[in-house]
Amino acid sequence: MKNKIDKKNYHKETRMIHGDFYSVHWDYKDHMTPPMSSSAAFRLESAERGAEGFIEFANPNFDRHKKSPILIYERLDEPSRSMLEDNLATAEEGECAVAFATGMAAITASILSIVKAGEAIIAHPTLYGCTFSLFANWLPKYGIEVRWVDLKDKKALQQNLDEKVKVVYCETPTNPILEIVDIKKIKETIDSAKIKQKVYFIVDNTFSTPFCQRPLTLGADIVVHSLTKNIGGFGTDMGGVWIGPKTLENTVLLFRKDFGAPLSAKSSWHFLVYGLPTLAVRTRKQMESALKVAQFLEKHPLVQKVHYPGLKSHPQYSIAKRQMVDPEGNFAPGIMLYFVLKGKPEEAQKLGRKVMNHIAGNALALTLAVSLGNIRTLIEHPSSMTHAPLPLDAQVKAGIDPGGIRISIGIENYKDILKDLSQALDFAKKR
C-alpha cells in the first residue's frame, strides 16, 4: 500500500531524510532505512519476461518513474541507485537523474550524449583539471571543437554562438578560484542567439550543491555533480550524477550502459542514507566556519587576496548573493575558500608548499588532501595537484595563481581550524 502522506507539504530537508517510504523501484514502507540491493543480476520468471525487460530499458514508451522496470542486470538498472536518482532529482528540482560511477563519467555523458563529431561546445576556461583534460585532450580527438570563452563576458559568448555549438558548459563557483558565473545571464544570451538548433547549458554544481544553488531553476538545462564531494560528505565512496530533462534521459541511460559507468548499488546506498539526509546540517555548520576563516585570512599580513563568495570583496559578490541561496532563500555562499599568498609567483608557490607541508605533519583540524566537501577540512595546492593537467601558462591564463591554496571547510570547531592555519602561516613566514 502506498503511503498516504503528501510529501509536497513538507520541507525539502525533511523529504531528503525520510524518503518516500514507497517507491516504484522498491517498496520499503516497513524499513526505517532504505534497504540495500546486493545483486549484480536478477532472476527472471521466463525468457519472455527477460525479452520484455530489454525492450523496456531506455525505451521512450516506458516511464521508469511510474512503473517498476524489469530488473535484469545491475549495469542497466537496480533499485538502490534508482531511489537515489529520484531523491537527487528532487534536490535539484529537475525532471530526472542518472547516477554514474564518478563525477567525470557524468560529465563525459553530459557532453557525448548531445555532441557529435563536427560540432562544438563552449566552455569557461577555469575548470576542474580532469574536466579541462577531457575537453582539451580527448574531445578534439573525436572531432568535437572546444571553444574557450570567458562566460563572464557576454559579448564574447555572443560572438561564439553559432550553428555548430551544441553545449555551453561551466562550473559556478569555479574550481579552484571561485569565480561566479551568472547563470540567468548566460541562459538569456543563449536564448537570444539567432541560431536554429537547441543549445544545452550544462552547469557543474559540485561546489555549491543543491543546498546552496539550484541551476535548473535559474535557466540551466543540465546539472552535473561529483557525488564523491559535498553530497557524499564523508569521503567513503565515489560517484557522479547527471540531472536534466526526461527528453534526454534514455540517451544518457544508454550511454551509461554501453560505456559501463553505472554507480554501484552499495555506493548508491551510502549517498542515499548518509549523504543527502545530512547535507543541509553539514553545509550550515561548514558555512559558518568558512566565513570566519575567510575573514581571518583577509586580514592576515601574508595573504594577498581571498576568494570566498560570502565576502563583500569577492568580484562577483552581488551575483553570488542573488543565485547562491538555500531552499528558503537565504544567502548560501558555500564551503570553499581560495587564497593567494603574497610574493612573486615562484616565491608564493614555495611559501604555499611550506604552509601545506607544515600542516601535513603538525595539524589535526586541517588535512593535506585532494577532494572536497568532506566533514574534515581539506587543504591543497591546485597548481601542483588538482590542476596539474593544465600547463603553467594555462593556469595563469585561467586565473589560477601558482601560489594559490584551496580549502574545503569541514565540521571541526572553527577555532581549531584557525589555530592550525595560523601556526602554519607563521611557520612559513619565519622560514
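Located above this text is the structure these notes cover.
Procedures and definitions
Residues numbered from 1 in each chain as written. Predicted model: local features only at pLDDT ≥ 70, side-chain atom pairs only at ≥ 80, totals over all residues. Heavy atoms only, no water. Salt bridge = Lys/Arg side-chain N within 4 Å of Asp/Glu carboxyl O. Helix = DSSP H or I, 4+ residues; strand = E, 2+ residues; numbered from the N terminus. Buried < 20%, exposed > 50% of the residue type's maximum accessible area, 1.4 Å probe, protein only. 1 Å grid on protein atoms, 1.4 Å probe; cavity = no way out; pocket = protein on both sides within 12 Å on 5 of 7 lines; lining within 4 Å. Points joined across faces, edges and corners; volume = space filled by probe spheres on them. Nonpolar A, V, L, I, M, F, W, Y, C, P; charged D, E, K, R; others polar. Expected span 1.5 Å × (residues − 1). Arc of directions from axis to C-beta. Contact = heavy atoms within 4.5 Å. Polar contact = N/O pair within 3.5 Å; in protein donor to acceptor, adjacent residues only side chain to side chain. Core = buried A, V, L, I, M, F, W, Y, C linked by side-chain atoms within 4.5 Å. Phe/Tyr/Trp six-rings, centres within 6.5 Å; stacked < 30°, edge-to-face > 60°. Pairing = 2+ DSSP bridges. Axes fitted to C-alpha atoms, helices over the stretch in contact; angles between N-to-C directions.

1. Brief notes about the pattern of salt bridges
Then, number 1: Scanning the entire structure with this criterion turns up 23 salt bridges.
Then, number 2: With a shortest N-O distance of 2.5 Å, E13 and R284 are connected by a salt bridge. With E13 in helix α1 (residues 12-18) and R284 in helix α10 (residues 265-299), this residue pair connects regions lying 271 residues apart in the sequence.
Then, number 3: Residue E13 is classed as partly exposed on the basis of its relative accessible area of 22%.
Then, number 4: Across the pair D63 and K246 runs a salt bridge, and its minimum N-O distance is 3.7 Å. A residue pair is termed long-range when its members are at least 10 positions apart, and D63 in the loop between α2 (47-56) and α3 (79-92) and K246 in helix α9 (residues 246-259) qualify at 183 residues.
Then, number 5: A residue is classified by how much of its surface remains accessible, and D63, at 25% relative accessible area, is partly exposed.
Then, number 6: Overall, the relative accessible area of 35% leaves K246 in the partly exposed class.
Then, number 7: Overlapping salt bridges, with partners in common, bring together R64, D77, E85, E249 and R256 in one network.

2. Section: the layout of surface pockets
Then, number 1: Taken as a whole, the second largest pocket spans an internal volume of roughly 430 Å³.
Then, number 2: Together, 24 residues line the second largest pocket, and Y128, N175, S226, K229 and L372 are the ones closest to its centre.
Then, number 3: Those elements that provide at least two residues to the lining of the second largest pocket are α4 (103-112) and β6 (222-226).
Then, number 4: For the lining of the second largest pocket, the element with the highest residue contribution is α4, accounting for 3 residues.
Then, number 5: Split into classes, the residues belonging to the lining of the second largest pocket amount to 9 nonpolar, 11 polar and 4 charged.

3. With respect to helix α14 (residues 414-430)
Then, number 1: In this model α14 runs 24 Å from its N-terminal to its C-terminal C-alpha over 17 residues, within 8% of the 24 Å that 1.5 Å per residue would give.
Then, number 2: Inspection of α14 places I417, L418, D420, L421, A424, L425 and A428 among the buried residues, and these make up the whole buried set. Each buried residue of α14 sits inside an arc of 165° when the element is viewed along its axis, so together they form one side. Away from its buried face, by an angle of more than 90 degrees, α14 presents the exposed residues K415 and K430.
Then, number 3: Among the structural elements, α10, β9 (336-341), α12 (345-362), β10 (366-368), β11 (377-380) and β12 (404-408) are those in contact with the buried residues of α14.
Then, number 4: Where α14 begins, the side chain of N413 points an oxygen toward the backbone nitrogen of K415, at a separation of 2.8 Å.

4. Digging into the side chain of R147
Then, number 1: Tracing the sequence through the fold places R147 in strand β3 (residues 145-148).
Then, number 2: Filtering out sequence-adjacent residues up to four positions away, R147 remains in contact with A120, I121, I122, A123, N160, D162, K164 and V165.

5. A short note on the side chain of H381
Then, number 1: Inspection of the secondary structure assignment puts H381 in the loop between β11 and α13 (392-397).
Then, number 2: With relative accessibility at 0%, the residue H381 sits in the buried group.
Then, number 3: Ignoring sequence-local partners within four residues, the contact set of H381 consists of Q349, R353, M356, T386, P402, G403 and G404.

6. Re the nonpolar core
Then, number 1: Formed by 88 residues in total, the largest nonpolar core has its most connected members in L88, L151, L161, V168, F201, L297 and I407.
Then, number 2: Broken down by element, this core gets its largest block of residues, 10 residues, from α10.
Then, number 3: Beyond its immediate sequence surroundings of up to four residues, I407 is in contact with L297, I335, M336, L337, F339, T377, L378, I379 and L421.
Then, number 4: If you look at the next biggest cluster of nonpolar residues, it comprises 33 residues, including V98, L134, F135 and F255.

7. Digging into the packing of aromatic side chains
Then, number 1: Taken as a whole, this structure holds 6 aromatic pairs when the rule is applied.
Then, number 2: Measuring from ring centre to ring centre gives 6.4 Å for F135 and W148, while their planes differ by 40°; the resulting arrangement is tilted. Residue F135 is located in helix α5 (residues 129-138), and its partner W148 is located in strand β3; the two are separated by 13 residues in the primary sequence.
Then, number 3: Assessed through its relative accessible area of 34%, W148 is described here as partly exposed.
Then, number 4: Note on F255 and F259: the rings are 4.0 Å apart at their centroids and 10° apart in plane angle, and the pair reads as stacked. You can see F255 and its partner F259 sitting in helix α9, 4 residues apart, about one turn around the helix.
Then, number 5: By relative accessible area, which is 10% here, F255 ends up buried.
Then, number 6: For F259, a relative accessible area of 55% gives the class exposed.
Then, number 7: Members of the aromatic cluster, connected to one another through ring pairs, are F132, F135, W148 and Y169.

8. Brief notes about the sheet that holds β3
Then, number 1: Strands sit in the order β1-β7-β6-β5-β4-β2-β3 across an open sheet of 7 strands; the sheet is mixed. One side of each edge strand has no neighbouring strand; the edge strands of this open sheet are β1 (96-100) and β3. The mean angle between the axes of side-by-side strands here comes to 20°, regardless of whether they run parallel or antiparallel.
Then, number 2: In this sheet, β6 lies alongside strand β5 (residues 200-204) in parallel orientation, the contact comprising 3 bridges. In the sheet register, V203 faces β6, and the bridge partner there is V223.
Then, number 3: Against the sheet, α3 contacts β1, β6 and β7 (240-244), and its axis sits at roughly 125° relative to β1.
Then, number 4: Its contacts with the sheet put α4 on β1, β2 (120-123), β4 (165-171), β5, β6 and β7, and the angle it makes with β6 is roughly 160°.

9. Structural notes on unusual backbone geometry
Then, number 1: Here the amide bond leading from T172 into P173 is cis, since omega sits at -5°, within 30 degrees of zero.
Then, number 2: Here P173 lies in the loop between β4 and α7 (183-192).
Then, number 3: Of note in this structure, L178 is not a glycine but carries a positive phi near 60°.
Then, number 4: Note that L178 resides in the loop between β4 and α7.
Then, number 5: Since its relative accessible area comes to 1%, L178 is described here as buried.
Then, number 6: In this structure, T209 takes a positive phi of about 70° despite not being glycine.

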